[in-house]
Amino acid sequence: MKTPLITVETLFEDLTMPSPTDPPLEWFPWRVAGDPSLMRLTADKDAMTTRRDRSRDPAREPGLVNPQRYAGGLMPLSGFPTLLGAPLAFTPADLRAAAVDVALVGLTVDDNPVVGARFAANTMRALRDWMGYPAGGTDNVTGVDFSSLVICDYGNIASLANQGERSLEEIHAVLSEILDAGSVPVGVGGCHVQSYGFITALARKHGPKQFALLHVDAHNDTYLHDYGRAVHNGSLFRVAVELGLIEGRDLVQVGLRGQGQDAAGIRWMREHGLRSHFQAEVHVRGWDEVLRTVLSELKGRRVYLSFDMDGIDPSYARGVGTQDPDGLTASQAMQLVRAVAIHNEIVAADFMEYNPFMDDAHQTTGVLMDRLIRTLLSGIAARKQGITDPFFVDPQRIDHGVPAS
Ligand SMILES: [Mn+2]
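A quick note: this is a predicted structure, and the numbers were derived from the prediction, not measured.

Chemist: What is the right way to read the overall build of the protein chain from this model?
Modeler: A tally of regular secondary structure across the protein chain gives 11 helices and 12 strands. Projected onto its principal axes, the C-alpha coordinates of the protein chain cover approximately 80 × 60 × 40 Å. Long-range contacts, defined here as pairs at least 24 residues apart, represent 78% of the contacts in the protein chain between residues at least 6 apart. Accessible surface, the protein chain as shown: approximately 18700 Å² in total, 55% of it carbon and sulfur. Side chains of the protein chain give 37 positive and 50 negative charges; the mean places of these two sets differ by 4 Å.

Next up, the structure:
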């Protein structure tokens with residue numbers, strides 16, 4: 001027998017707050033009489049996201065601002081910590097003037113049961129890691145250095161504490177600024193609900209269903225009931241499909257496993273054509289075959305890469321909000337990111353669900369996320385340089401110093 005599925009249309013009717021003791025409604029001033037789905041907000045609700053008046057700032061030419069004192073150095077021990085040690089951009093005019101390829105932007109929404117992801121972006125700026133700045137470094141598979149890309153740190157996007165959906169509107173706004181300036185936004189930190197703001201901004205920019213989404217995660221994020229909210233860390237992709245923002249078959253999922261994969265959820269995923277790659281498929285077919293299938297499903301599409309760090313096995317990345325054993329290896333994750341960045345036009349990316357409070361003292365998960373971001377950038381640079389093979393390897397990295405004759 002088929003269980004009826006809850007849809008976005010019926011979701012709100014389903015949300016009622018039982019009040020067995022029947023208190024006066026005015027004792028709960030956030031409630032709206034007669035409409036349990038609405039929440040009243042105070043008049044200063046936008047104070048956190050109102051833009052600062054810049055009219056009295058010193059005049060300057062638009063462009064990137066490098067805040068560093070030294071020509072080289074050791075992040076974060078000298079100068080000012082920024083994402084990848086990149087120079088700063090403050091406005092869309094800065095992005096345009098510098099023709100920024102990739103705008104790194106910090107994300108701070110954090111409504112996981114295990115909180116901490118809101119501090120991930122600032123942790124990444126101050127990572128205890130022996131990487132020099134300015135950002136660059138060579139991918140030691142392709143041999144490609146991404147210093148040919150113009151990158152910047154565009155600061156953090158504000159979030160309203162514990163107001164997940166309201167915060168998505170600000171993410172949509174800042175993402176739209178970046179996209180309209182012709183830059184690729186790469187979000188760093190926070191929890192996965194934020195990807196909904198990426199999807200709406202991409203749908204505005206390119207049109208609904210005009211891009212594919214590579215979703216790396218232990219969890220399908222296509223169930224509606226949770227948290228008492230319509231759009232949350234577990235529902236965002238389902239809402240995006242049901243509202244027609246993305247086509248089901250353009251949602252390619254990798255790393256699925258663990259808790260919460262119930263029959264009704266899987267039926268919904270299949271009925272809507274999602275390309276859901278469970279870890280069980282990797283066990284049976286092998287990683288190489290699954291990766292090739294993923295790339296064939298994305299062929300020719302603009303791609304938004306949404307990377308939940310819990311897609312990786314906790315033995316490599318335990319600093320996450322929700323860990324599940326039996327995930328991707330660090331090596332597979334880097335290969336996937338490198339391959340898709342060479343194979344497809346990346347129009348946006350995010351790396352989310354890193355919880356620095358749950359990381360080890362060496363910040364192993366943070367360092368891996370840093371390397372995934374660098375791998376993405378070198379993949380984008382490799383594609384710009386004309387490399388087309390997603391499995392390209394620099395011959396000097398595999399000949400052990402003995403060139404093939
Ligand atoms: Mn997840």
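Chemist: Just checking my understanding: could you explain the coordination of the manganese ion for this structure?
Modeler: By definition of the ideal shapes, four donors in a tetrahedron about a metal sit 109.5 degrees apart, and six donors in an octahedron sit 90 or 180 degrees apart. Protein coordination at the manganese ion: the donors are Asp217 (OD), His219 (ND1), Asp308 (OD), Asp310 (OD) and Asp310 (OD), at 2.1 to 2.8 Å from the metal. Donor residues for the manganese ion, ordered by position in the chain, follow D-x1-H-x88-D-x1-D. A residue pair is termed long-range when its members are at least 10 positions apart, and His219 in the loop between β8 (212–216) and α6 (236–242) and Asp308 in strand β11 (residues 302–308) qualify at 89 residues. Taken individually, His219 and Asp308 each receive the classification buried, so the pair is uniform in this respect.

Chemist: I keep staring at the sheet that holds strand β7 (residues 184–188) and nothing clicks. Help me out?
Modeler: What links the strands of a sheet is backbone hydrogen bonding, and the strands pair in either a parallel or an antiparallel sense. Taking strand neighbours across the sheet as the criterion, the 8 strands line up as β6-β4-β7-β12-β11-β8-β9-β10 in an open arrangement whose pairing is parallel. Each having just a single partner strand, β6 (151–156) and β10 (275–278) make up the two edges of the open sheet. Averaged over all pairs of adjacent strands, the angle between their axes in this sheet comes to 15°, without regard to strand direction. Seen against the sheet, helix α4 (residues 164–180) touches β4 (102–106), β6, β7 and β12 (345–352) and runs at an angle of roughly 145° to β7.

Chemist: Explain the pattern of salt bridges here, please?
Modeler: Side chains that differ in sign of charge can pair as their charged atoms come close. Tallying each qualifying case throughout the model produces 22 salt bridges. Here Glu170 makes a salt bridge to Arg51, at a shortest N to O gap of 3.2 Å. A residue pair is termed long-range when its members are at least 10 positions apart, and Glu170 in helix α4 and Arg51 in the loop between β2 (35–39) and β3 (73–74) qualify at 119 residues. On the basis of relative accessibility, which here comes to 13%, the residue Glu170 falls in the buried class. We classify Arg51 as partly exposed; its relative accessible area is 46%. For Arg371, the salt bridge identified is with Asp129, shortest N-O distance 2.9 Å. In this pair, Arg371 sits in helix α11 (residues 364–384) while Asp129 sits in the loop between α3 (120–125) and β5 (132–133), placing the two residues 242 residues apart along the sequence.

Chemist: Can you walk me through unusual backbone geometry in this structure?
Modeler: In most cases, non-glycine residues show a negative phi, while peptide bonds are predominantly trans. Here the phi dihedral of Leu84 falls at roughly 55°; this positive angle occurs in a residue that is not glycine. Looking at the secondary structure, you find Leu84 in the loop between β3 and α2 (92–97). Positive phi values are uncommon outside glycine, yet Gln363 reaches one of about 55°. We classify Gln363 as buried; its relative accessible area is 7%.

Chemist: How do you make sense of the packing of helix α9 (residues 287–298) against helix α10 (residues 330–343) when you look at a structure like this?
Modeler: In helix packing, the relevant descriptors are the interaxial angle and the interaxial distance, both defined with respect to the helix axes. The N-to-C vectors of α9 and α10 enclose an angle of 30°; their axes lie 11 Å apart at closest approach. As summarised for this structure, α9 and α10 are arranged roughly parallel, according to the angle between their axes. The chirality of how α9 crosses α10 is right-handed. Side by side, α9 and α10 meet where Trp287, Leu291, Val294, Leu295 and Leu298 of the first sit next to Gln332, Gln335, Leu336, Ala339, Val340 and His343 of the second. Looking at the contact of α9 with α10 residue by residue, the classes come out as 8 nonpolar, 3 polar and no charged.

Chemist: What's the story with the pairing of strand β9 (residues 251–256) in this structure? I'm lost.
Modeler: The side chains of a regular strand alternate, first on one face of the sheet and then on the other. Across the 6 residues of β9, 6 count as buried, placing the element largely inside the fold. Here β8 pairs with β9 via 4 bridges, running parallel. Each residue of the ladder has a partner; that of His215, found in β9, is Gln253. As paired strands, β9 and β10 are joined by 4 bridges and run parallel to one another. Of the residues in β10, the one forming a bridge with Val252 is Arg275. Assessed by its sense of winding, the connection that carries the chain from β9 through helix α7 (residues 263–271) to β10 is right-handed.

What counts, and at which threshold
Residues numbered from 1 in each chain as written. Predicted model: local features only at pLDDT ≥ 70, side-chain atom pairs only at ≥ 80, totals over all residues. Heavy atoms only, no water. Helix = DSSP H or I, 4+ residues; strand = E, 2+ residues; numbered from the N terminus. Contact = heavy atoms within 4.5 Å. Areas by Shrake-Rupley, 256 points an atom, 1.4 Å probe, with all protein chains shown as cover. Lys, Arg positive; Asp, Glu negative; His and termini not counted. Charge placed at Lys NZ, Arg CZ, Asp CG, Glu CD. Donors = N, O, S within 2.8 Å, 3.2 Å for Na, K, Ca; no water. Buried < 20%, exposed > 50% of the residue type's maximum accessible area, 1.4 Å probe, protein only. Pairing = 2+ DSSP bridges. Axes fitted to C-alpha atoms, helices over the stretch in contact; angles between N-to-C directions. Salt bridge = Lys/Arg side-chain N within 4 Å of Asp/Glu carboxyl O. Parallel < 35°, antiparallel > 145°, perpendicular 65-115°, else oblique. Left-handed = near helix turned anticlockwise from the far one by under 90°. Nonpolar A, V, L, I, M, F, W, Y, C, P; charged D, E, K, R; others polar. Right-handed = clockwise from strand over helix to strand, strands pointing away.

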